[in-house]
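One letter stands for each residue in the lines below.
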Amino acid sequence: MARERTCVACRQKGDDDSLIRLVASPSGDVVVDLRGRLPGRGAWLHVTNDCLSRLTKRPDSLRRPLRAPVSSDGLREQVMDAIGRAAMDGLSLASAAGALVGGHDALERELTCHRIAAVVVAEDASDRTIASLKEAADPDVSFVVLPLDRDALGHNVGRGPRAALGVTSSRSASHLRQQLRRLRQLR
Ligand SMILES: [Zn+2]
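Residues numbered from 1 in each chain as written. Predicted model: local features only at pLDDT ≥ 70, side-chain atom pairs only at ≥ 80, totals over all residues. Heavy atoms only, no water.

A. Layout of the coordination of the zinc ion. The zinc ion binds to the protein through Cys7 (SG), Cys10 (SG), His46 (ND1) and Cys51 (SG), with metal-donor distances spanning 2.1 to 2.3 Å. Relative to the metal, the four donor atoms surrounding the zinc ion lie at angles of 100 to 117 degrees, and the coordination shape comes out tetrahedral. All donor residues of the zinc ion come from one chain, and their arrangement in sequence is C-x2-C-x35-H-x4-C. Residue Cys7 is found in the loop between strand E1 (4-6) and strand E2 (13-15), and its partner His46 is found in strand E5 (residues 42-46); the two are separated by 39 residues along the sequence. (Donors = N, O, S within 2.8 Å, 3.2 Å for Na, K, Ca; no water. Tetrahedral: all angles 85-135°; square planar, octahedral: opposite > 155°, others 65-115°. Helix = DSSP H or I, 4+ residues; strand = E, 2+ residues; numbered from the N terminus.)

B. Layout of the sheet that holds strand E9 (residues 164-167). Reading across the sheet, the four strands line up as E6-E9-E7-E8 and stay open at both edges, with mixed pairing between neighbours. Sheet topology places strand E6 (100-101) and strand E8 (142-146) at the edges, where each strand pairs with a single neighbour. In the sheet, E6 pairs with E9 via two bridges, with the strands oriented antiparallel. Each residue of the ladder has a partner; that of Val101, found in E9, is Gly166. Relative to E8, helix H7 (residues 174-185) is tilted by about 85 degrees, and along the sheet it contacts E6, strand E7 (118-122), E8 and E9. (Pairing = 2+ DSSP bridges. Contact = heavy atoms within 4.5 Å. Axes fitted to C-alpha atoms, helices over the stretch in contact; angles between N-to-C directions.)

C. Here's a closer look at the packing of aromatic side chains. Inspection of every chain in the model, using the stated rule, returns zero aromatic pairs. The ring of Phe143 is capped by Lys134, whose NZ or CZ atom sits 5.3 Å from the centre of that ring. (Phe/Tyr/Trp six-rings, centres within 6.5 Å; stacked < 30°, edge-to-face > 60°. Lys NZ or Arg CZ within 6 Å of the ring centre and 35° of its normal.)

D. Local environment of the environment of Pro69. If you trace the backbone, Pro69 turns up in the loop between helix H2 (63-66) and helix H3 (75-96). The residues contacting Pro69, other than those within four sequence positions of it, are Gly28 and Arg63.

E. Region of the structure containing the pattern of salt bridges. Taken as a whole and assessed by the stated rule, the structure comprises five salt bridges. A salt bridge links Asp33 to Arg21; the nearest nitrogen and oxygen atoms lie 2.6 Å apart. Separated by twelve residues along the polypeptide, Asp33 in strand E4 (residues 30-33) and Arg21 in strand E3 (residues 19-24) bring together distant segments of the chain. Each of the two residues, Asp33 as well as Arg21, counts as buried. Note that Arg115 is salt-bridged to Glu110, the shortest N-O span being 2.7 Å. (Salt bridge = Lys/Arg side-chain N within 4 Å of Asp/Glu carboxyl O. Buried < 20%, exposed > 50% of the residue type's maximum accessible area, 1.4 Å probe, protein only.)

From the geometry alone we can't say anything about function, so treat these as descriptive.
The following block contains the structure:
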């Protein structure tokens, strides 16, 4: 069950899926606690550009929930980093569980058959490749570019170069899909 939390930036409520937890490090920096397991007092933040920039402008709003003065310098980069790393973990997990579809023709076919929930795109994928995949995809399939080139994207899942990987709606890919949703919201 997703628990309801209050965003420290906008004071609106949300659940664990839409918010991330922040804690204070001993040196007074904000640490992103994506798994929500770090000890100590935490504050919750919507994974949106709005709430992130609101908080960056008013880091004092963290002082009370964290009971410590913290600096919000580099907070955006930290959030992007943490989610990016989690997306890599998610890629490996999903790959091991067979929840990814690679290879242009196979991916295009699965998109046409509505069996793909999201597409991970290499940063150096050609516009033409992406355009043809988008044409095959349902309009609600999200395409998310990761900071990886084709070689690295393929390597990450133990394959040769991949311009794009399809993510199925399998449960074993839910962690990955969650990070992709978050990355999209921050662009
Ligand atoms: Zn918010």
